[in-house]
Amino acid sequence: MKSDEVNIIPGHILIVDDFLETLNLLTNLLEERGHQVRRAISGEMVLMGAKASPPDLILLDINMPGISGYDVCKQLQSEPNTRGIPVIFISAFNEVFDKVQAFEVGGVDYITKPFHIEEVIARIENQIALKQAQKQIQRLNSELEQRVLQRTEELESANEELKKMNSLLEREILHHQQTQSKLLHMASHDALTGLPNRVFFMDKLMQAISQTKQNPDYRFAVLFLDCDRFKVVNDSLGHLTGDRLLISLARRLQLTLKMSPTNLARFGGDEFTILLENIESPQAVTNIAKRLQKALTWPFQLDDQDLFLEASIGIVIGTSEYTEPEQILRDADIAMYKAKSQGRGCYRVFDGTMHDDAHRRFQLENELRLAIENNQFVLNYQPIIELADGSVIGFEALLRWHHPEHGIISPAEFIPIAEDTGLIIPIGLWVLDQAVKQLNEWQKKGLITHGFRMCVNLSVKQFTQPYLIEEIDRILVKNNFQSCYLKLEITETAIVENPEAARQLLQQLTHRNIHLSLDDFGTGYSSLSYLHRFPVNTLKIDRSFITCIGTPNENLQIVDAIITLAHQLQISVVAEGIETAEQLAKLRSLGCDQGQGYYFSKPVESIIAENLLKQRILC
């Protein structure tokens, strides 16, 4: 029994019977087993009690006064809050019909009188256990539903959060892709003009080279375009205007070329590169170069101001011999500089001799740096003659390079290199120092008369140096040289690039009693305003005007006009390049003051120049 008592599940039982003995018997029996018992003696009481406080089990007598047990069960099953209460019918009958009817109206079991106590207890407690199990199942189901609902809500919340995260991630990915695209564009395009830059163009050029390996009939060309004298724009109008001009230039090049925008690039500074693909012939390429240069003849309008640009263009025809973009650009750059050497607004197509020239130029540049230290430079002196009496009244100091391997190297070959590299500055100071030293030696020998001048050329690079005056003063003081015997020759180019700075510098030189000569007059800007704005003592007529004298192309009217104008401004005139007696005679007849040229003497070493001084009269 004890083991059974341990397994008893106490329940709330409602007993319904109109026989008091039956009520008492079942009540005592069930209460002893720990159940809570309520009692009713009619169907009406059952319906009221069950609705008010639903029990775990109802023991319901079938035959009662008023409402029968069957009808009570039917009503209980029809009500939502009592429908699930198990009903065990009690009856003194055991006919099959009664049992069937009992099950049809909703009964779960059936016990008969007289009772078999063990059977009654077993049936009642089995239904109590079953009811409790159902409740437990319902509770577990409810808990499970709650957990499922909670988990569903959590999953939905997590899903929403995941959607938000996905959306955020998608935006971040899109932003990253956009940023990456912008960075790639910035890395491959010029920020100022928006054109492809050097990196992009090199890659494009590599593709063209690869195509020549795959397709022997494929031909391309590269144009390397560099603006002439663009520095003047930046220096005079400012870098902002220079940038705007470059933007306008890029647009004009695009409109003129009418080609894929990726084939035109800003290579750097004022340099642009152009890739022409599937070219028909070299002539087609040079026609495009001509078209570009023609397009640049039209002015650029910036702030109601017309600005003009010219460009030098180097051209390379691509072949399968090229393996790297750098090789093509190297040759295009060489051709471009060859075009620059011809004058502004020219183009040149690269050929093999240019590479040899560039290699020689590179060698000369390296060797030029050592020439001063190794005493490879010497000065030659060409006499300047007073045309009235043929006397020597000065010398022009001219630089010569005695190379230990190549012999005499022409100034026309190494001076441009010195100008480009800036070496002309120390070389020019060396020339000035050696020239005044030589004149001092001749003065000590009594060969120099009053009015004699040692003429030294001043390059454009030297002219723009901020410490030029100090360097000249240092050399004159070091050599104890009288400045009145020195004449510095400058070109029109040095003056025109910065007229105001040039005027101030020339005034400082004049205050030191240094004479000034305007060299190569007539070949540059030949602005007559310079002659009265600047303190110039001498004007040198360029040799191109002199060599024409005595030929069908002579134009004495120009020479006469220059001499007349200079004399009216109290400026003496020197004619360069006199080579014949006829030229000398005509210049004398025009009143030219002085002259120099091979007719009198070529540039000579200092010993021979000293003999000319002793001779005094050369014609």
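Worth saying up front: this structure is predicted, and the values here are computed from it rather than measured.

Reading the values: the criteria
Residues numbered from 1 in each chain as written. Predicted model: local features only at pLDDT ≥ 70, side-chain atom pairs only at ≥ 80, totals over all residues. Heavy atoms only, no water. 1 Å grid on protein atoms, 1.4 Å probe; cavity = no way out; pocket = protein on both sides within 12 Å on 5 of 7 lines; lining within 4 Å. Points joined across faces, edges and corners; volume = space filled by probe spheres on them. Nonpolar A, V, L, I, M, F, W, Y, C, P; charged D, E, K, R; others polar. Helix = DSSP H or I, 4+ residues; strand = E, 2+ residues; numbered from the N terminus. Expected span 1.5 Å × (residues − 1). Buried < 20%, exposed > 50% of the residue type's maximum accessible area, 1.4 Å probe, protein only. Arc of directions from axis to C-beta. Contact = heavy atoms within 4.5 Å. Phe/Tyr/Trp six-rings, centres within 6.5 Å; stacked < 30°, edge-to-face > 60°. Lys NZ or Arg CZ within 6 Å of the ring centre and 35° of its normal. pLDDT = per-residue confidence, 0-100. Lys, Arg positive; Asp, Glu negative; His and termini not counted. Salt bridge = Lys/Arg side-chain N within 4 Å of Asp/Glu carboxyl O. Polar contact = N/O pair within 3.5 Å; in protein donor to acceptor, adjacent residues only side chain to side chain. Pairing = 2+ DSSP bridges. Axes fitted to C-alpha atoms, helices over the stretch in contact; angles between N-to-C directions. Core = buried A, V, L, I, M, F, W, Y, C linked by side-chain atoms within 4.5 Å. Parallel < 35°, antiparallel > 145°, perpendicular 65-115°, else oblique. Left-handed = near helix turned anticlockwise from the far one by under 90°.

Q: What's the story with the layout of surface pockets in this structure? I'm lost.
A: Of the voids in this model, the second largest pocket is the one considered here, and its volume is about 250 Å³. Lining the second largest pocket are twelve residues, with Asp228, Arg229, Val233, Phe308 and Leu309 sitting closest to its centre. Its residues placed into classes, the lining of the second largest pocket shows seven nonpolar, one polar and four charged.

Q: What am I meant to see in helix H18 (residues 499–511) here?
A: Each full turn of the α-helix corresponds to 3.6 residues, which orients residues three or four apart in the same direction. For H18, which comprises 13 residues, the first-to-last C-alpha distance of 18 Å matches the rise-based estimate of 18 Å (1.5 Å per residue) to within 8%. Buried within H18 are the following residues: Ala502, Leu505, Leu506 and Leu509. Looking down the long axis of H18, one finds its buried residues gathered within 100° of arc, a one-sided arrangement. Where the residues of H18 are buried, they touch helix H15 (460–463), helix H16 (468–478), strand E17 (486–491), helix H17 (492–496) and strand E18 (515–521). Phi for Asn513, located one or two positions after H18, is positive at around 70°.

Q: When you look at the packing of aromatic side chains in this model, what are you seeing that I'm missing?
A: Describing an aromatic ring pair means giving the distance of the ring centres and the angle of the ring planes. Per the stated rule, a full pass over the model turns up twelve aromatic pairs. With a centroid separation of 5.5 Å and 85° between ring planes, the pair formed by Trp401 and Phe414 is classed as edge-to-face. Of this pair, Trp401 sits in strand E14 (residues 391–403) while Phe414 sits in helix H13 (residues 411–421), and the two are 13 residues apart along the sequence. With a relative accessible area of 0%, Trp401 lands in the buried category. Through successive ring pairs, a cluster of aromatic residues spans Phe377, Trp401, Phe414 and Trp430. Cation over ring: Arg198 sits above Phe267, and NZ or CZ is 4.0 Å from the ring centre. Residue placement shows Arg252 over the ring face of Phe300; its charged tip is 3.8 Å from the ring centre.

Q: I tried to follow the confidence of the model for the protein on my own but got confused; where do I start?
A: Interpretation of the predicted coordinates at a detailed level should be avoided for regions scoring low in pLDDT. With 96% of its residues at a pLDDT of 70 or more, the protein shows a mean pLDDT of 88. In the model, residues 1–6 has pLDDT below 50 throughout and makes one contact with residues more than four positions away in sequence or in other chains.

Q: I keep staring at the side chain of Arg453 and nothing clicks. Help me out?
A: Relative to the assigned elements, Arg453 resides in strand E16 (residues 453–457). One buried charged residue, Arg453, forms no salt bridge at all, with the nearest opposite charge on Glu386 at 10 Å. Within the local environment of Arg453, its side chain forms a polar contact with the backbone oxygen of Cys484, the two atoms lying 3.2 Å apart. Leaving out residues up to four positions away in the same chain, Arg453 has contacts with Ile393, Gly394, Phe395, Cys484, Tyr485, Lys487 and His515.

Q: Help me understand the sheet that holds strand E2 (residues 36–40), please; the structure alone is not making it clear to me.
A: One key point about sheets: their strands pair by backbone hydrogen bonds, in either a parallel or an antiparallel sense. The strand order across the open sheet formed by five strands is E2-E1-E3-E4-E5, and the pairing between neighbours is parallel. Two strands close off the open sheet at either side, each with one partner strand: E2 and strand E5 (109–112). For this sheet the average axis-to-axis angle between neighbouring strands, irrespective of direction, equals 20°. With four bridges joining them, strand E3 (residues 57–61) and strand E4 (residues 87–91) adopt parallel strand pairing. Paired with Leu59 across the strands is Ile88, a residue of E4.

Q: Can you walk me through the pattern of salt bridges in this structure?
A: Between side chains of opposite charge, a pair can form when the charged atoms approach closely. Summed over the entire model, instances satisfying the criterion amount to 27 salt bridges. A salt bridge links Asp228 to Lys340; its shortest N-O distance comes to 2.6 Å. Separated by 112 residues along the polypeptide, Asp228 in the loop between strand E6 (220–227) and helix H8 (230–237) and Lys340 in helix H11 (residues 325–342) bring together distant segments of the chain. A salt bridge links Glu310 to Arg344; the nearest nitrogen and oxygen atoms lie 3.2 Å apart. Residue Glu310 is located in the loop between strand E10 (305–307) and strand E11 (311–318), and its partner Arg344 is located in the loop between H11 and strand E12 (347–349); the two are separated by 34 residues in the primary sequence. When its relative accessible area of 37% is taken as the criterion, Glu310 is described as partly exposed. Residue classification places Arg344 among the partly exposed positions, given a relative accessible area of 47%. When salt bridges that share partners are traced, they join Glu396, Glu489, Lys540 and Glu576 into one network.

Q: Help me understand unusual backbone geometry in this model?
A: Generally, phi is negative for residues other than glycine and the peptide bonds are trans, each holding for most cases. A cis geometry characterises the amide bond from Lys113 onward to Pro114, with omega recorded as -5°. Mapped onto the secondary structure, Pro114 falls in the loop between E5 and helix H6 (117–188). Not every positive phi belongs to a glycine, and Asn375 is a case in point at roughly 55°. Structurally, Asn375 is set in the loop between helix H12 (352–371) and strand E13 (377–386).

Q: Could you clarify how one ought to interpret the nonpolar core in this entry?
A: By size, the foremost hydrophobic cluster in this structure holds 81 residues, and its most contacted members are Phe395, Trp442 and Leu488. Of all the elements, helix H14 (residues 424–444) adds the most residues to this core, at ten residues. Ignoring anything within four residues of it in the chain, the contact list for Phe395 reads Tyr381, Gln382, Pro383, Ile384, Trp442, Phe452, Arg453, Met454, Cys455, Ala609, Leu612 and Leu613. Counting residues in each nonpolar core, the second largest holds 31 residues, with Leu276, Ile279, Leu302 and Leu309 among its members.

Q: Explain the packing of helix H3 (residues 43–52) against helix H4 (residues 69–78) here, please?
A: Each packed pair of helices is defined by two parameters, the angle between the axes and the distance between the axes. Running from N to C, H3 and H4 cross one another at 20°; their axes reach a closest spacing of 10 Å. One way to sum up the angle between H3 and H4 is to call them roughly parallel. For the element pair H3 and H4, the recorded crossing hand is right-handed. On H4, the residues touching Gly43, Val46, Leu47 and Ala50 of H3 are Val72, Gln75 and Leu76.

Q: Honestly, the environment of Arg252 in this entry has me stumped. Any pointers?
A: By secondary structure assignment, the location of Arg252 is in helix H9 (residues 239–257). With 43 residues separating them in the primary sequence, Arg252 and Ala295 have C-alpha atoms 7.6 Å apart.

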